[in-house]
Amino acid sequence: MATAFRTTRRIEFADTDMAGIVHFANFFRFMESAEVEFLRTRGLSVAMIWEGMKIGFPRVSASCDYLRPIRFQDVVEVTVRLHNLGRKSVSYAFEFFKDGELIAKGQVSSVCCLVREGHEIESMPIPPALRAKLESMGEA
């Protein structure tokens with residue numbers, strides 16, 4: 001199994017709802033933030049210039065299952081793993097832990113796209129050198 005990338009986040013007051021727990025939608029922001037940090041460790045991003053092309057990875061699917069609540073000032077560990085690497089798409093698996101206990105798990109899938117002038121996008125195969133960097137993400 002691929003080695004997980006780990007990052008932490010302290011829950012801010014603005015992340016919580018009127019019940020004092022993290023609003024469900026914020027988990028999607030947390031996953032995106034962890035993904036960006038994960039990619040940065042390999043010199044990548046969800047939007048970048050690659051071999052002279054402007055490419056991006058817009059989301060096509062996202063899900064999250066909530067197991068336990070988290071609250072203001074809790075410190076949460078988020079793990080990220082490369083879940084699936086297709087010809088044009090990439091999926092990441094996320095797990096959220098508080099004090100070693102699994103509190104949520106999610107998944108995000110994105111498609112590699114060429115970004116043209118006017119911000120028009122067209123799906124494209126993941127370039128070979130970029131694919132190699134993504135494939136190496138699970139290696140120690």
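Our subject is the structure listed above.
Along each chain, numbering runs from 1 in the same order as the chain's sequence is written. Whole-chain, interface and lining totals are the exception, using all residues; otherwise, since this is a predicted model, local features are given only for residues with pLDDT of at least 70 and side-chain atom pairs are given and counted only at 80 or more. Hydrogen atoms and water are omitted, and side-chain values are computed over all heavy atoms in the structure.

A.B. asks: Honestly, the sheet that holds strand β9 (residues 121–123) in this entry has me stumped. Any pointers?
C.D. replies: To summarise the sheet geometry, strands pair through backbone hydrogen bonds and adopt either a parallel or an antiparallel arrangement. With antiparallel pairing, 4 strands are arranged side by side in an open sheet as β2-β3-β8-β9. This sheet does not close on itself; its edge strands, each paired only once, are β2 (47–50) and β9. Strand-to-strand twist across the sheet, computed as the mean angle between neighbouring axes with direction ignored, equals 35°. Strands are treated as partners if at least two bridges between them are detected by DSSP. For the purposes of this entry, the term helix denotes a DSSP run of H or I that reaches at least four residues, the term strand denotes a run of E that reaches at least two, and both are numbered from the N terminus. Judged from the 3 bridges that link them, strand β8 (residues 113–115) and β9 form a sheet pairing that is antiparallel. Across the sheet, the residue bridging to cysteine 113 is serine 123, located in β9. Note on definitions: angles span 0 to 180 degrees between N-to-C directions of axes, and those axes are lines fitted to C-alpha atoms, for helices only across the stretch in contact.

A.B. asks: Would you mind showing me how to read the packing of aromatic side chains here?
C.D. replies: Aromatic ring pairs are defined here through the distance separating the ring centres and the angle between the ring planes. Centres within 6.5 Å are what make two rings of Phe, Tyr or Trp a pair, Trp counting through its six-membered ring; a difference in plane orientation under 30 degrees is then read as stacked, over 60 as edge-to-face, and the rest as tilted. On inspection of all chains with the given rule, the structure shows 6 aromatic pairs. Each ring, one from phenylalanine 38 and one from tyrosine 92, has its centre 5.7 Å from the other, and the planes form 90°; the classification is edge-to-face. Taken together, the positions of phenylalanine 38 in helix α1 (residues 26–40) and tyrosine 92 in strand β6 (residues 89–98) put the pair 54 residues apart, joining distant regions of the chain. Across this residue pair, the class does not change: phenylalanine 38 and tyrosine 92 are buried. Site record: aromatic cluster; members linked through ring pairs are Phe27, Phe30, Tyr66 and Phe96. Accessibility here uses a 1.4 Å probe with only protein chains present; expressed as a share of the type maximum, an area under 20% marks a residue as buried, one over 50% as exposed, and anything in between as partly exposed.

A.B. asks: Is there a simple way to think about empty space enclosed by the protein in this case?
C.D. replies: Any empty space left between the atoms is revealed when a probe the size of a water molecule rolls over them. Cavity and pocket criteria rest on a 1 Å grid covering protein atoms alone: a 1.4 Å probe that fits but cannot get out defines a cavity, protein on both sides within 12 Å along at least 5 of 7 lines defines an open pocket, and an atom within 4 Å of a point defines a lining residue. Grid points are joined across faces, edges and corners, and a volume is the space filled by probe spheres set on the points. Counted under the stated rule, the structure contains 1 cavity of 30 Å³ or more. For the largest cavity, the full set of lining residues is Glu35, Leu39, Leu44, Ser45, Val46, Met48, Phe57, Val90, Tyr92, Leu130 and Leu134. Within the residue set of the lining of the largest cavity, elements represented by two or more residues are α1, β6 and α2 (128–135).

A.B. asks: Honestly, the nonpolar core in this entry has me stumped. Any pointers?
C.D. replies: Generally speaking, soluble globular proteins have nonpolar side chains that are buried together. To define a nonpolar core, start from buried Ala, Val, Leu, Ile, Met, Phe, Trp, Tyr and Cys residues and group those joined through side-chain atoms within 4.5 Å. If you look at the biggest cluster of nonpolar residues, it comprises 34 residues, and the most contacted ones within it are Phe94, Phe96 and Leu130. Among the secondary structure elements, those contributing two or more residues to this core are α1, β2, β5 (75–85), β6, β7 (101–111) and α2. At 6 residues, the largest contribution of residues to this core is made by α1. Dropping the residues within four chain positions of it, phenylalanine 96 is found in contact with Phe27, Phe30, Met31, Val76, Glu77, Val78, Glu101, Leu102, Ile103, Ala104 and Lys105. Contacts are residue-level and defined by heavy atoms, with any inter-residue pair within 4.5 Å sufficient.

A.B. asks: Would you mind going over the environment of phenylalanine 30 with me for this structure?
C.D. replies: In this structure, phenylalanine 30 sits in helix α1. Residue phenylalanine 30 is classed as buried on the basis of its relative accessible area of 3%. Counting along the chain gives 102 residues from phenylalanine 30 to alanine 132, while the straight-line C-alpha distance between them is 26 Å.

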